[in-house]
Amino acid sequence: MLKLLLIGIKDLKLMFRDRAALIFMLLAPFLLTIGMGFVSGRFSGGSTGLSDIPVVIVNLDQKELGNALEELFNSADLADLVEPTASSDPEAARRLIDSDQASAAIVIPQGFTDSVIPAEGTTFDSTAVQPAPVQIEVYANPSRPTGAGIIKAIVDEFLSRVEEGRVSGTTSLVGLMQSGLLNPQDVASEAQELFANVDESESTAITLKTDTQGAEAVEFDLLAYFAPGMALMFLMYTVSYGGRSILAERSQGTLPRMLISPTSNAQVLGGKVLGIFLMGVAQVGVLILASSIFFQVQWGDPLGVLVLILAAVFGATGWGMLITAFARTPAQVGSTGAAVMLIFGILGGSFMSLENFPPFMQTLSKITPNAWGMDGFVTLALGGTLKNLTEPVTALLIMGALLFAASVVLFNRNGIAQQ
Amino acid sequence: MKSVASVSKKEVKKQSLSLCGKKVKIIMKKIFAIAWKDAIVRFTSPSELLFFIILPIVFTFLLAGGTPSNDDDNRIRIPVVDESQTAVSQQIIDELENSTAVRPEVVTRAEAQSQFDDRRADAVFIIPAGVDIEALQNGSAQVEMLQQPSNLNAGIAQRAILTAIRRVSSSVSAAQNAVRQREAKQAFASDAEKQAYFESSLTLAQDIQADAPERVTVIEGTTPDRVNYDPRANSSAGQLITWVFIPLFGISALFASERQGGTLRRLLTTPTTKATFLLGTISGQVAMALIQMFLLVGFAILAMKLNWGRDPLALFVILLASALAAAAFGATLGTFIKTEAQASGVSIMFGMVMALMGGCWYPLELFPTAIQSAVKVLPTTWAMQGMLDLVLRGGGLVDVLPEAGVLLVFAAIFLSVGVSRFRYE
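Sequence order sets the numbering: in each chain, residues are counted from 1 along the sequence as written. To read the labels, note that chains go from A and ligands from 1, taken in the order they are written. Per-residue local features of the predicted model are confined to residues with pLDDT of at least 70, and side-chain atom pairs are confined, for both listing and counting, to 80 or more; whole-chain, interface and lining totals are unaffected and use all residues.

Novice: Sorry, what's going on with the overall build of chain B here?
Specialist: Going along the chain from the N terminus, every DSSP run of H or I of four or more residues is numbered as a helix, and every run of E of two or more is numbered as a strand. A tally of helices and strands in chain B yields 16 helices and five strands. With the radius of gyration taken over C-alpha atoms, the globule rule is written as 2.2 Å times the number of residues to the power 0.38. Over its C-alpha atoms chain B spans a radius of gyration of 33 Å, topping by over 25% the 22 Å that the globule rule assigns to 425 residues. With the principal axes as the frame, chain B shows a C-alpha extent of 130 × 55 × 40 Å. Counting across all 425 residues of chain B, residues that qualify as buried make up 47%. What counts as a contact is two residues whose backbone-derived C-beta atoms lie within 7 Å of each other. The long-range fraction of contacts in chain B, counting pairs at least 24 apart against all pairs at least 6 apart in sequence, stands at 80%. As a rule, residues whose C-beta atom has 12 or fewer other C-beta atoms within 10 Å are exposed, those with 20 or more are buried, and those in between are partly exposed; C-beta atoms are placed from the backbone.

Novice: What's the story with the environment of Gly 376 of chain A in this structure? I'm lost.
Specialist: All names here are of chain A. The topology assignment puts Gly 376 in helix 14 (residues 369–381). With 16 residues separating them along the chain, Gly 376 and Phe 360 place their C-alpha atoms 21 Å apart. Residue contacts for Gly 376: discarding those within four places in its chain leaves Leu 308, Leu 389, Pro 392 and Val 393.

Novice: So what exactly am I meant to see when it comes to the interface of chain A and chain B here?
Specialist: One frequently used descriptor of interface size is the decrease in accessible area upon assembly of the parts. The partner chain B presents 90 residues to the 87 residues of chain A that form the contact. Secondary structure elements with two or more residues in the side of chain A that touches chain B: helix 2 (19–40), helix 4 (90–98), strand 4 (136–140), helix 6 (145–178), strand 5 (206–210) and helix 12 (330–347) of chain A. If one sorts the elements of the side of chain A that touches chain B by residue count, helix 6 of chain A sits on top with 19 residues. Polarity classes work like this: nonpolar for Ala, Val, Leu, Ile, Met, Phe, Trp, Tyr, Cys and Pro, charged for Asp, Glu, Lys and Arg, and polar for all others, with Gly in that last group. Residue composition of the side of chain A that touches chain B, by class: 45 nonpolar, 29 polar and 13 charged.

Novice: How should I be thinking about the packing of helix 9 (residues 251–261) of chain B against helix 12 (residues 312–334) of chain B in this particular structure?
Specialist: When two helices pack together, you describe them by how their axes are tilted relative to each other and by the distance separating the axes. Residues and elements named next belong to chain B. For helices, the fitted axis covers only the stretch in contact; all axes are lines through C-alpha atoms, and the angles between them, taken along N-to-C directions, range from 0 to 180 degrees. At a closest axis distance of 7 Å, the pairing of helix 9 and helix 12 adopts a crossing angle of 35 degrees. For the pair helix 9 and helix 12, the crossing hand works out as right-handed. Between helix 9, through Ile 251, Ser 252, Phe 255 and Ala 256, and helix 12, the contact on the second element is made entirely by Ala 327, Gly 330, Ala 331, Leu 333 and Gly 334. Of the residues in the contact of helix 9 with helix 12, the class split is six nonpolar, three polar and no charged. It is the rotation of the near helix from the far one that decides the hand of a crossing: anticlockwise by less than a right angle makes it left-handed, clockwise makes it right-handed.

Novice: What should I look at first to understand the sheet that holds strand 2 (residues 102–106) of chain B in this one?
Specialist: Between any two strands, pairing holds if DSSP finds at least two bridges. One open sheet holds the five strands; their spatial order is 5(A)-4(B)-3(B)-1(B)-2(B), and the pairing between them is mixed. The two strands at the open ends of the sheet, each matched to only one other strand, are strand 5 of chain A together with strand 2 of chain B. Averaged over all adjacent pairs, the angle separating strand axes in this sheet is 25 degrees, with direction ignored. Of the pairings in the sheet, the one linking strand 1 (residues 76–82) of chain B to strand 3 (residues 123–127) of chain B comprises three bridges and is parallel in character. Within strand 3 of chain B, the position partnered with Val 81 of chain B by the bridge is Ile 126 of chain B.

Novice: Would you mind going over the environment of Leu 248 of chain B with me for this structure?
Specialist: Residue and element names in this part refer to chain B. Within the secondary structure layout, Leu 248 lies in helix 8 (residues 231–249). Residue Leu 248 is classed as buried on the basis of its 27 C-beta neighbours within 10 Å. In this structure the C-alpha to C-alpha distance between Leu 248 and Ala 300, which are 52 residues apart in sequence, comes to 21 Å. With sequence-adjacent residues up to four places away left out, Leu 248 is seen in contact with Gln 285, Ala 289, Ala 323, Ala 326, Ala 327 and Gly 330.

Novice: Explain the domain arrangement of chain A here, please?
Specialist: What the domain assignment reports for chain A is domain 1 (2–42 + 221–414) and domain 2 (53–217). Source of the domain bounds: an automatic or database domain assignment. Summarising the inter-unit geometry, the C-alpha centres of domain 1 of chain A and domain 2 of chain A are found 54 Å apart.

Structure below.
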């Protein structure tokens, strides 16, 4: 056991002396986590990094509804989200979008209000209740799809309220006319009254209750998703780095030399595996500690975090050993390890949520320690404890054990330490 | 004497010109030999093909091809539990079906809860028993929604659900308002008359709503054909830059490997200048990068039906400028790094971080405004901008010239630093 530990600690020391490896294992995931933090809005307090979306408003209507829409974009509620600029020239506004100066331009055409609210003096015809449609134009920037989408959603919501008010006003007018309670000459003035504040309509016949007892009650830190995503991805590099050291020692002759000493084949390999395991634990541990210190990420139950790290590294070490068992040279382990790191990274959800992948990809992701590890870390960040980690921890332990067994068979067949 | 002198001058000029031509030929031969040698060294291991073409295609497919195109249904899926089974609940589901943001999928409560607990669903919408026209009339109708925390899709789903229930309830609200207006003018003779008035108003409101005209039109800016934003184009361009820049940054590993192996020192015994060596290495890698880029563009055009080919000359210019900037950066990196192991790790790290920050993985608009300005110092930002001009905006050569110009300036700066710092040992 002491020999095992000595070999393992020796490999761990070697890793911490290799500055290049340390940069890649620690600095790269840390920098990528910061980048993801920017994208997710973690450092700006939103659910995405989007804020101050530049939008150009051309209000040619200059009447009640056109002005209301312009005021909406300039309201305090949207002050952080959008940065509106007024323009009087639709062509100039479109040019700003074409030259990527803003996310979208909104052109409110002349007559928009009149197409919804009958103007003073208009003869109201109950048989032709539909006004001629005058459309607001949203000129969207294709290279800023999210910002343009949000602008479109705000316009849609405004128009939805307008439409509600119009339906309500028109229904009342037509009903009154059909009941003979409204003279045709009084329709215009009645309409003005009924259509007042048409853009502020709010139906309350159905209320939506959002869940506040379950997951929504927990403040979920997006970095608690991205940081382990990156740490687990680069963990795959670390385990292959460790595997590479086995083959490097073999080619340098230090591995067979160990067998001259009273050390068994199993002890040598066991020690190397322990070294890889310790490297992985150290890497993920340092990254988790760093993100707690620098970004105040709340990881959840500490015991759960510890058990999950050990299980995830165990599963990943199994993959590292299998790659090593198949490879012939350290360079092969390096390149295959880097490829597996990236493939497992994408399959495991380090770049985007697995929800966005087709079902077969979601099933395939189960072969990666990344997917199970991410599952566990998200459970903990949502307030779960060790007892909620049974599934991911068991899966990771089984994965590690199966891969170790396969690696030992391959190592024995190839006589790794004898050569 | 004069004519003899002029003849000899002509001869000297001719001879010096031919000498110059020979020198250029020799230099070109050297550059080609160095480039060819690097290609052989690079592809000695078949695993290089993994990074050259296999992984880029896998990533492009998963991040771009794997995601649905505009032809498919790429709306956010929400499990819907309908425990009411009434005309109103069906109307709400129909409204959700018409939504451009979400796609309802009717399931049982147990299934929905299971999907939510396993985080397979961003949000769940539940219409409990009793949501019918009477409940709407007396204002007691209530629906529920479960949302995953800090989830953008759940937020979008909530807006879509609110729009759907507003549309369904607005006709009831309109009918109720019509009853109030009628009552203000003249009281109803009986409850039955009031109910009849409500029902006829409800029908009228629903008819008006159904015939409502479209009041907004969305136009995508500067696209020759009115195509919608295709997220796959963004992913395809971003992955192309990521996977081409990483090996070009890896030129640093080539330098380190030659320096460690002593082969760079050996070059001192030959009449090869630093500039010739750097030019040979860089041009070889750039040529390979161009082949890789064309393979990836070909994959995007043929397999994913993306429109990369509106202006092949503009595409070539931006690809070449991007490759030159990345290769020059790799050469500069090579003068700072000592070992091959250091170089490969650092080049992958720089490649990934620059790709993320340059908007190759996520649209740049998602970053805070200050970061959007700061990342203009990265070549990946300009390369991505140029490619988006082509693939999203349908631009041509003139449109990509500014980005290509900036990339060439990057290349010139990095190359100057590289040449000045380059040492054989």
